[in-house]
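# Analysis of the macromolecular model
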Amino acid sequence: MAAAAHVSAVRSLYKRILVLHRFLPIDLRALGDQYVKDEFRRHKAAAPEEVKNFMTEWENYKDTLQTQVLESAGERLSSVKFGTNLSDGKLRDFQDDQIGQLYELMLESTKPNRQFDIQEDSK
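Residues numbered from 1 in each chain as written. Predicted model: local features only at pLDDT ≥ 70, side-chain atom pairs only at ≥ 80, totals over all residues. Heavy atoms only, no water.

Per an unreviewed UniProt entry, the protein goes by Succinate dehydrogenase assembly factor 3 and derives from Stegastes partitus. The record held by UniProt for the protein lists under Subunit (unreviewed entry) the comment "Interacts with the iron-sulfur protein subunit within the SDH catalytic dimer." Of the protein, the UniProt comment under Sequence similarities (unreviewed entry) reads exactly: "Belongs to the complex I LYR family. SDHAF3 subfamily." (UniProt positions renumbered as here; feature names shortened; annotations may be inferred.)

This is the structure:
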């Protein structure tokens, strides 16, 4: 029964994050969606302690993004800044491969000509 509850909690968090990504600029949404999907797949068979940390950090991400989306309501997306800075303490907790991933994500999300050339529907 506990396993079913855990699966439900993970699925709910995953879906909520993807819903929140709908409020991001289209290129950040595409980047964020792919990253979330990859990370959740990568941690499917993680150790219990790693799962606990994983869920905590993704809950924090969801809460931060939800706050930013609500605060940005009514503003032009191009003028809204999403995200937050990581503390030195948080950065020290990362493994080397995670630092590399974070760096690549930062480069992709801040470069002027992003990899994704997606146009929003003009409905």
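There's plenty left to go through after this.
## Points about the layout of surface pockets
Reported here for the largest pocket is a volume of approximately 1800 Å³. For the largest pocket, the lining is made up of 45 residues, of which Y35, Y61, L86, L102 and L105 are closest to its centre. For the lining of the largest pocket, the secondary-structure elements that each account for two or more residues are helix 2 (26–42), helix 3 (48–71), helix 4 (88–93) and helix 5 (96–110). When residues of the lining of the second largest pocket are traced back to their parent elements, those giving at least two are helix 1 (2–21), helix 2 and helix 3. Element by element, the count of residues in the lining of the second largest pocket is highest for helix 1, at five residues. When the residues that make up the lining of the second largest pocket are grouped by side-chain class, the tally is eight nonpolar, two polar and four charged. (1 Å grid on protein atoms, 1.4 Å probe; cavity = no way out; pocket = protein on both sides within 12 Å on 5 of 7 lines; lining within 4 Å. Points joined across faces, edges and corners; volume = space filled by probe spheres on them. Helix = DSSP H or I, 4+ residues; strand = E, 2+ residues; numbered from the N terminus. Nonpolar A, V, L, I, M, F, W, Y, C, P; charged D, E, K, R; others polar.)

## Considerations on the nonpolar core
Within the largest apolar cluster, nine residues are counted, these being L13, I17, L18, V36, F40, V51, F54, M55 and W58. Elements represented by at least two residues in this core include exactly helix 1, helix 2 and helix 3. Per element, the largest residue contribution to this core is four residues, and it comes from helix 3. (Core = buried A, V, L, I, M, F, W, Y, C linked by side-chain atoms within 4.5 Å. Buried < 20%, exposed > 50% of the residue type's maximum accessible area, 1.4 Å probe, protein only.)

## Examining a nonpolar patch on the surface
On the surface, L86, L91 and I99 cluster together into a nonpolar patch covering about 200 Å² of accessible area. Relative to the helices and strands, L91 is located in helix 4. Overall, L91 belongs to the partly exposed group, its relative accessible area being 31%. (Patch = residues over 30% accessible without salt bridge, like charges linked within 9 Å, V, L, I, M, F, W, Y side chains within 5 Å. Areas by Shrake-Rupley, 256 points an atom, 1.4 Å probe, with all protein chains shown as cover. Salt bridge = Lys/Arg side-chain N within 4 Å of Asp/Glu carboxyl O.)

## Some details on the packing of helix 1 against helix 3
It is at 10 Å that the axes of helix 1 and helix 3 come closest, and there the two elements cross at 30°. By the criterion of interaxial angle, the relationship of helix 1 to helix 3 is roughly parallel. In the packing of helix 1 onto helix 3, the handedness of the crossing is left-handed. Of the residues in helix 3, those touching helix 1 at H6, A9, V10, L13, R16, I17, L20 and H21 are V51, M55, W58, E59, Y61, K62, L65, Q66 and V69. Considering only residue class, the contact of helix 1 with helix 3 consists of 11 nonpolar, three polar and three charged. (Axes fitted to C-alpha atoms, helices over the stretch in contact; angles between N-to-C directions. Parallel < 35°, antiparallel > 145°, perpendicular 65-115°, else oblique. Left-handed = near helix turned anticlockwise from the far one by under 90°. Contact = heavy atoms within 4.5 Å.)

## Regarding helix 2
Look at helix 2: 24 Å from first C-alpha to last across 17 residues, which is about the 24 Å you get at 1.5 Å a residue. Buried within helix 2 we find D27, A30, L31, G32, D33, V36, E39 and F40. Looking at the buried positions of helix 2, the neighbouring elements they touch are helix 1, helix 3 and helix 5. (Expected span 1.5 Å × (residues − 1).)

## Details of the pattern of salt bridges
As enumerated under the stated definition, the model contains six salt bridges in all. For E59, the salt bridge goes to K62, with nearest N and O atoms at 3.5 Å. Linking E59 with K62, this pair stays in helix 3, spanning three residues, or about one helical turn.

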